[in-house]
Amino acid sequence: MNDPIKLFKQWLDIAQKHPDIKEANAMTLATCTPEGNPSARIVLLKAADDRGFVFYTNMMSRKSEDIKANPFVALCFYWEALGKQVRIEGKASPVSEIEANEYFATRPRGSQISAWASKQSQTLESRQIFEEQLTKFTNTYDGASISRPKHWSGWRVSPKSFEFWIQN
């Protein structure tokens, strides 16, 4: 197949239907600091099309700070039950405000409140502080729609290379 996005979507669709795969859209995101120190973590793919692969996060998180300093990243999907893996390397750029707002509106209310309450990648003195922030924002938005915080948005990884791997 000559279209790697189309092949990826076929594999993802199969993975999403497989009973032994709980989060088929879970992907490892690898970033590097300006000094070249690598960091990897799991994030959730929220969209994939000809423009790239999208995930959402706190824009003040370590991953976002890494991307702002060095936009070249790697993604890796591994579906053990299928014996398949996809590696993608590319350049990350912010999604549009419209896209971020539209996606944020689809999130469960608790996840929207958490986006306001969480200080991702920052050390908390206690769990109680986070719970107090949850209560504060739950009360703030009681009965009202929740707007997207400016510090919460998404990244689109425009692919430069793909590697499709199948276990023998």
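Calculation notes
- Residue positions are given per chain, counting from 1 as you read along its sequence in written order.
- For a predicted model such as this one, the threshold for reporting local features is a pLDDT of at least 70, and the threshold for listing and counting side-chain atom pairs is 80 or more; totals across whole chains, interfaces and linings nevertheless cover every residue.
- Side-chain numbers come from the whole structure's heavy atoms, not from hydrogens or water.
- To qualify as a helix, a DSSP run of H or I must reach at least 4 residues; to qualify as a strand, a run of E must reach at least 2; elements of each kind are numbered from the N terminus.
- Note on exposure labels: buried denotes an accessible area under 20% of the residue type's maximum, exposed denotes more than 50%, and partly exposed covers the range between, all computed with a 1.4 Å probe on protein chains only.
- Contacts: residue pairs with any heavy atoms within 4.5 Å of one another.
- We get accessible surface area from the Shrake-Rupley algorithm with a probe of 1.4 Å; when it comes to residues, only the shown protein chains can shield them.
- Any two strands with at least two DSSP-identified bridges between them are counted as paired.
- All axes here are fitted lines through C-alpha atoms, helices being fitted over the stretch that makes contact, and every angle between N-to-C directions spans 0 to 180 degrees.
- Between N or O atoms, a polar contact is any pair within 3.5 Å; within protein, one atom must be a potential hydrogen donor and the other a potential acceptor, and residues adjacent in sequence are included only when both atoms are from side chains.
- Comment: arc refers to directions from the helix axis out to C-beta atoms.
- Pairing of aromatic side chains here covers Phe, Tyr and the six-membered ring of Trp, requires ring centres within 6.5 Å, and sorts the geometry by plane angle: under 30 degrees stacked, over 60 edge-to-face, intermediate tilted.

A. Local environment of the overall build of the protein. Check the secondary structure of the protein and you find five helices and seven strands. In the protein, the order of α-helices and β-strands from amino to carboxyl end is α-β-β-β-β-α-β-β-α-α-α-β. Per-residue burial for the protein yields a buried fraction of 39% across its 168 residues. Once local pairs closer than 6 in sequence are excluded, the contacts in the protein between residues at least 24 apart make up 68%. When the accessible surface of the protein is summed, it comes to about 9,800 Å², and 50% of that surface belongs to carbon and sulfur atoms.

B. The sheet that holds strand S2 (residues 38-44), seen in detail. Spatially, seven strands are ordered S2-S1-S5-S6-S7-S4-S3 in an open sheet, and the strand pairing comes out antiparallel. At either margin of the open sheet sits one strand with a lone partner, and together these are S2 and strand S3 (47-49). Shown here is a sheet whose adjacent strand axes are inclined to one another by a mean of 30 degrees, direction ignored. As defined by bridge partners, strand S4 (residues 52-58) adjoins strand S7 (residues 152-166) across six bridges and the pair is classed as antiparallel. Residue pairing for S7: Phe 55 is matched across the bridge by Trp 155.

C. Expanded view of the side chain of Arg 148. Examined against the element boundaries, Arg 148 turns out to sit in the loop between helix H5 (127-140) and S7. A polar contact is formed between the side chain of Arg 148 and the side chain of Glu 97, at a distance of 2.5 Å. Of the polar contacts made by the side chain of Arg 148, one reaches the side chain of Asn 101; its length is 2.7 Å. If near-sequence neighbours (up to four positions away) are discounted, Arg 148 is found in contact with Glu 97, Ala 100, Asn 101, Phe 104, Trp 116 and Ser 153.

D. View of helix H2 (residues 62-69). All buried positions along H2 are accounted for by Lys 63, Ser 64, Asp 66 and Ile 67. Mapping the buried residues of H2 onto a view down its axis gives an arc of 160 degrees, with all of them on the same face. The elements touched by buried residues of H2 are strand S1 (26-32), S2, S4, strand S5 (72-79), strand S6 (84-94) and S7.

E. Geometry of the packing of aromatic side chains. Inspection of the entire model under this criterion finds 11 aromatic pairs. Measuring from centroid to centroid gives 5.9 Å for Phe 162 and Phe 164, while their planes differ by 10 degrees, and the two rings are stacked. Accessibility expressed as a relative area gives 27% for Phe 164, which makes it partly exposed. One aromatic cluster in this structure is built from Phe 8, Trp 11, Phe 53, Phe 77, Trp 79, Phe 162 and Phe 164.

F. Representation of the pairing of S2. Going residue by residue along S2, you find Ser 39, Arg 41 and Val 43 tucked away on one face and Pro 38, Ala 40, Ile 42 and Leu 44 left uncovered on the opposite face. The pairing of S1 with S2 spans seven bridges and is classified as antiparallel. Looking across to S2, one finds that Ala 30 is bridged to Ala 40. Counted between consecutive antiparallel strands, the loop separating S1 from S2 contains five residues, among which Gly 36 sits at a positive phi close to 95 degrees.

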